[in-house]
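Architecture and fold: a report
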Amino acid sequence: MRMEESYTSYASCPCGKGKIFQKHYEGVDWYSEEDGPVTIDCRDCNSKFVIEEESRSGPLLSDHRRNAYYLTPIGYPRYEGPEVIKAFPKITYTNENFVGWLIENYTEESLNNALNQINNASSSKMLKGIAAQISNIHKKACHSVRLNKIKEAIELSILQYNSYNNGNYLQRQQVLLKEEIARSTYKEEKRKHQILIEFDR
Ligand SMILES: [Zn+2]
């Protein structure tokens with residue numbers, strides 16, 4: 001798509017000697033908008049800050065911007081708190097290890113409930129809720145809707161649940177909760193050191 005420059009937004013830099021700008025573009029042939037990178041046009045401020053972009057959730061603010069831009073001091077420490085991806089770096093896929101995938105994505109209780117349903121069902125069409133969900137995914141991953149195959153996988157997942165070495169659902173949720181709390185604390189503290197760039201338009 002062909003784009004052409006439509007306007008430039010400006011803001012003053014923290015020291016006041018230079019400026020910060022961002023060019024905006026729009027489609028030539030049909031309506032489309034694009035924001036260019038934010039640039040610090042000041043040698044002093046450029047050596048002190050990096051620009052960080054954050055997408056805004058919820059209604060747009062009075063300046064209609066989709067993203068907020070912050071000046072963060074160079075060298076500000078990165079987030080180093082708990083992370084699910086660090087605690088359990090390996091991602092298990094359904095078609096690679098269906099049993100492991102079940103353990104990572106369901107509680108033991110859910111798996112037991114699904115197993116109960118399957119023990120009382122004569123066809124995968126009769127399954128509901130999580131049992132139906134597992135059956136559908138099993139069909140895609142293992143190309144089978146045979147109840148005894150699904151049953152076998154769920155039984156194994158329950159058997160291995162507590163000794164599984166890549167984080168069962170519960171263990172992952174515990175880390176996730178810690179991560180969410182730690183990230184929000186980190187962000188709150190970081191905000192005190194950041195400067196919101198307030199563009200003129
Ligand atoms: Zn400056």
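Placed above this text is the structure.
We now turn to the structure provided with this report. (Residues numbered from 1 in each chain as written. Predicted model: local features only at pLDDT ≥ 70, side-chain atom pairs only at ≥ 80, totals over all residues.)

A few words on the sheet that holds strand S1 (residues 3-12). Taken in spatial order, the three strands of this open sheet run S1-S2-S3, and their pairing is antiparallel. Both edges of this open sheet fall to S1 and strand S3 (33-41), since each of them pairs with a single strand only. Between one strand and the next, the sheet's axes are offset by a mean angle of 20°, whatever the strand orientation. As paired elements, strand S2 (residues 19-27) and S3 share seven bridges and run antiparallel to each other. Bridging across to S3, Ile-20 finds its partner in Ile-40. (Pairing = 2+ DSSP bridges. Helix = DSSP H or I, 4+ residues; strand = E, 2+ residues; numbered from the N terminus. Axes fitted to C-alpha atoms, helices over the stretch in contact; angles between N-to-C directions.)

Next up on the list: the pairing of S2. Relative to S2, S1 runs antiparallel, the two sharing nine bridges. If you follow Met-3 over to S2, its bridge partner there is Gly-27. Between S1 and S2, which pair antiparallel and follow one another directly, the connecting turn spans six residues, one of which, Gly-16, has a positive phi of 85°. The antiparallel hairpin formed by S2 and S3 contains five residues in its connecting segment.

Along its 14 residues, helix H6 (residues 147-160) runs 20 Å from first to last C-alpha, staying within 8% of the 20 Å computed at 1.5 Å per residue. Among all positions of H6, only Ile-150, Ala-153, Ile-154 and Ser-157 are buried. All buried residues of H6 fall inside an arc of 95° around its axis, so they share one side. Along H6, exposed side chains directed more than 90 degrees from the buried face belong to Asn-148 and Leu-159. Contacts made by the buried residues of H6 are with helix H3 (98-105), helix H4 (108-119) and helix H5 (129-142). (Expected span 1.5 Å × (residues − 1). Buried ≥ 20, exposed ≤ 12 C-beta atoms within 10 Å, placed from the backbone. Arc of directions from axis to C-beta. Contact = placed C-beta atoms within 7 Å.)

Let's shift gears to the environment of Ile-150. You can see Ile-150 is positioned in helix H6. Ile-150 sits 32 residues away from Ala-182 along the chain, and the two C-alpha atoms are 38 Å apart. Ile-150 has contacts with Ile-118, Ile-134, Ser-135 and His-138, leaving out every residue within four places of it along the chain.

Attention now goes to the sheet that holds strand S5 (residues 67-73). Pairing is antiparallel in the open sheet, where three strands are placed in the order S4-S5-S6. Each having just a single partner strand, strand S4 (49-55) and strand S6 (195-196) make up the two edges of the open sheet. Bridge count for S5 against S6 is two bridges, and the pairing is antiparallel. Bridged to Tyr-70 within S6 is Leu-196.

It is worth spelling out the nonpolar core at this point. Within the largest apolar cluster, 14 residues are counted, with the highest numbers of intra-cluster contacts made by Leu-102, Ala-114, Ile-118, Ile-134 and Ile-154. Taken together, the elements giving at least two residues each to this core come down to H3, H4, H5 and H6. In terms of residue count, H3 provides more of this core than any other element does, four residues in total. One finds Ile-20, Ile-40, Cys-45 and Leu-71 within the second-largest nonpolar core, a separate group that totals 10 residues. (Core = buried A, V, L, I, M, F, W, Y, C linked by C-beta atoms within 7 Å.)

Looking at the element boundaries, Lys-90 is found in the loop between helix H2 (84-87) and H3. A C-alpha to C-alpha distance of 7.1 Å links Lys-90 and Asn-166, two positions 76 residues apart in sequence.

Turning to the packing of H3 against H6, a few remarks are in order. Interhelical geometry of H3 versus H6 gives an angle of 60° and a closest axis separation of 9 Å. By the criterion of interaxial angle, the relationship of H3 to H6 is oblique. Once H3 is placed against H6, the crossing between them reads as right-handed. Contacts from Phe-98, Val-99, Leu-102 and Ile-103 in H3 reach Ala-153, Ile-154, Leu-156, Ser-157 and Gln-160 in H6. Grouping the amino acids of the contact of H3 with H6 by side-chain chemistry returns seven nonpolar, two polar and no charged. (Parallel < 35°, antiparallel > 145°, perpendicular 65-115°, else oblique. Left-handed = near helix turned anticlockwise from the far one by under 90°. Nonpolar A, V, L, I, M, F, W, Y, C, P; charged D, E, K, R; others polar.)

Attention shifts here to unusual backbone geometry. A negative phi angle characterises most non-glycine residues, just as the trans form characterises most peptide bonds. One non-glycine residue with positive phi stands out, namely His-143, at about 55°. As for its position among the elements, His-143 is in the loop between H5 and H6.

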